[in-house]
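Structural overview for review
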Amino acid sequence: MSCLSCLLRVFGARRVSAVAAFAAVAMLAAGMTMAQADPVADFYRGKSITIIVSAGAGGGFDTNARMVARFYGKHIPGHPTILVKNMPGGGHLVAANYLYNRAPKDGTYLGTLLPAFVSYQVLDGRQVEYDAAKFAWIGASDVDNMNLYVWHTTGVTSMEGAKKQVLLMGATGAGSYTELFPTLMNNLIGTKFKIVSGYKSTNEIHIAMERGEVQGRAGNFFTSLETNNPDWLAEKKINILMQIGRTRDPNYKDIPLMTELATNDDDRRVLAVYSGDVALGRSFLAPPGVPADRIAALRKAFDETMADPDFRAEAKKVNMSVRPLNAAELTDAASEILSTPPALIEKAKKAKLGASEAKK
């Protein structure tokens, strides 16, 4: 074999090897680009997410939503801007119906709804245009007991006192805790609450309390009181008559649970049904139909937000508790409410009857 042939063979082999190597590098680079591509980030980049709040501006639910919104976007792929829109009314049904039926189903609209909308579907159903089982739960920033309280000038300091004196209770409408809990107490333990309905937000009810137009309200959270009305607690401007939850809040251990006020086992089981919503806390959810990869990303981002040191530091500054629940825990809690046995539902419905008689 001539030296020229050897050179050609060597050159040819090297050329083939170079071409193969170049092709391999190109394929590897393409593979890395495909692996790094994130369709969720591509979708959210340059967009905004609107969080619908079923309560009015200035209340605890609104304050919580706006705090979460400040930090949530940086954990979502593509870093969308987070907007908050209040949509109060109809005992939180307006927001629930809107989110289910009219909000875009692409992950650009979420909701933080007072969880009464879940049990209301099972126990009442009027004006319900949604199926709570089809919402996609994202996470909850806090789980906190609710309460019922009256203004200090009433002189009423216990539920026994509320059985002897008519008390005007502000309410936002059917389906709201502001109307539900006083009605249950009237029907099951004999209190004399008279419901004054039609307020646009719970903040309006608080203003009405300070003006003397009404004397109390139900369905607030302890952390909302601590955040938005700390002077009421420090100066003893309100008397808290009961709390609603599965166990007593350790910071308010002297205040009885609603279930503890029942005088028999049947009534206690009924009140436990109405207490179930509290387990859903300050939850965030998406309408049905949002692509699964976006739901997964929103859930992961929410969990990361709850663990974000900056978020927790800011929450601490305004006395906002952070006791989060993940999507799986919320889904289980909602499913438990939605699967309540029919016989117990009927008992619970009867306990709620008479709301019209309780209204002013």
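Here, the structure is the one placed above.
Read on for an overview of the structure. Just so you know, these numbers come straight off a predicted model, no measurement behind them.

**Section: the overall build of the chain**
- The helix and strand tally for the chain stands at 16 helices and 11 strands.
- Here the chain holds 360 residues, and the buried ones make up 51% of them.
- Counting only carbon and sulfur atoms, one obtains 56% of the accessible surface of the chain, whose full area is about 16,400 Å².

**A few points about helix α11 (residues 265–275)**
- Inspection of α11 places D267, V270, L271, V273, Y274 and S275 among the buried residues, and these make up the whole buried set.
- Next to the buried residues of α11 lie α5 (116–123), α7 (177–189), β9 (238–244) and α15 (342–352).
- Structurally, the start of α11 carries an N-cap: the backbone nitrogen of D266 is 3.2 Å from a side-chain oxygen of N264.

**Examining the nonpolar core**
- In this structure, M159, F181, M185 and F193 are the most contacted members of the largest nonpolar core, which totals 40 residues.
- Counting residues per element, this core draws most heavily on α7, which supplies 7 residues.
- Each residue touching M159, except ones within four places of it in the same chain, is listed here: L148, M185, I189, T191, F193, L241, M242 and L261.
- With 28 residues, the next largest nonpolar core counts A69, Y72, A136 and M306 among its residues.

**So, the pattern of salt bridges**
- Scanning the entire structure with this criterion turns up 22 salt bridges.
- K237 serves as the salt-bridge partner of E235, at 3.4 Å between the closest nitrogen and oxygen.
- Residue E314 is joined to K317 by a salt bridge in which the shortest nitrogen-to-oxygen separation is 3.0 Å. A residue pair is termed a helical-turn pair when its members lie 3 or 4 positions apart in one helix, as E314 and K317 do in helix α13 (residues 309–317) at 3 residues.
- One network of salt bridges, with partners in common, ties together D142, D144, R282 and R323.

**Quick notes on the pairing of strand β1 (residues 48–53)**
- With 5 of 6 residues buried, β1 lies mostly within the body of the structure.
- Where β1 lies against strand β2 (residues 81–86), 6 bridges are found, and the strand directions are parallel. Bridge assignment links T50 to a residue of β2, and that residue is L83.
- Strand direction decides the pairing type here: β1 and strand β3 (residues 109–112), joined by 4 bridges, are parallel. Looking at β3, one finds that V53 is bridged to T112.

Criteria and thresholds
Residues numbered from 1 in each chain as written. Predicted model: local features only at pLDDT ≥ 70, side-chain atom pairs only at ≥ 80, totals over all residues. Heavy atoms only, no water. Helix = DSSP H or I, 4+ residues; strand = E, 2+ residues; numbered from the N terminus. Buried < 20%, exposed > 50% of the residue type's maximum accessible area, 1.4 Å probe, protein only. Areas by Shrake-Rupley, 256 points an atom, 1.4 Å probe, with all protein chains shown as cover. Contact = heavy atoms within 4.5 Å. Polar contact = N/O pair within 3.5 Å; in protein donor to acceptor, adjacent residues only side chain to side chain. Core = buried A, V, L, I, M, F, W, Y, C linked by side-chain atoms within 4.5 Å. Salt bridge = Lys/Arg side-chain N within 4 Å of Asp/Glu carboxyl O. Pairing = 2+ DSSP bridges.

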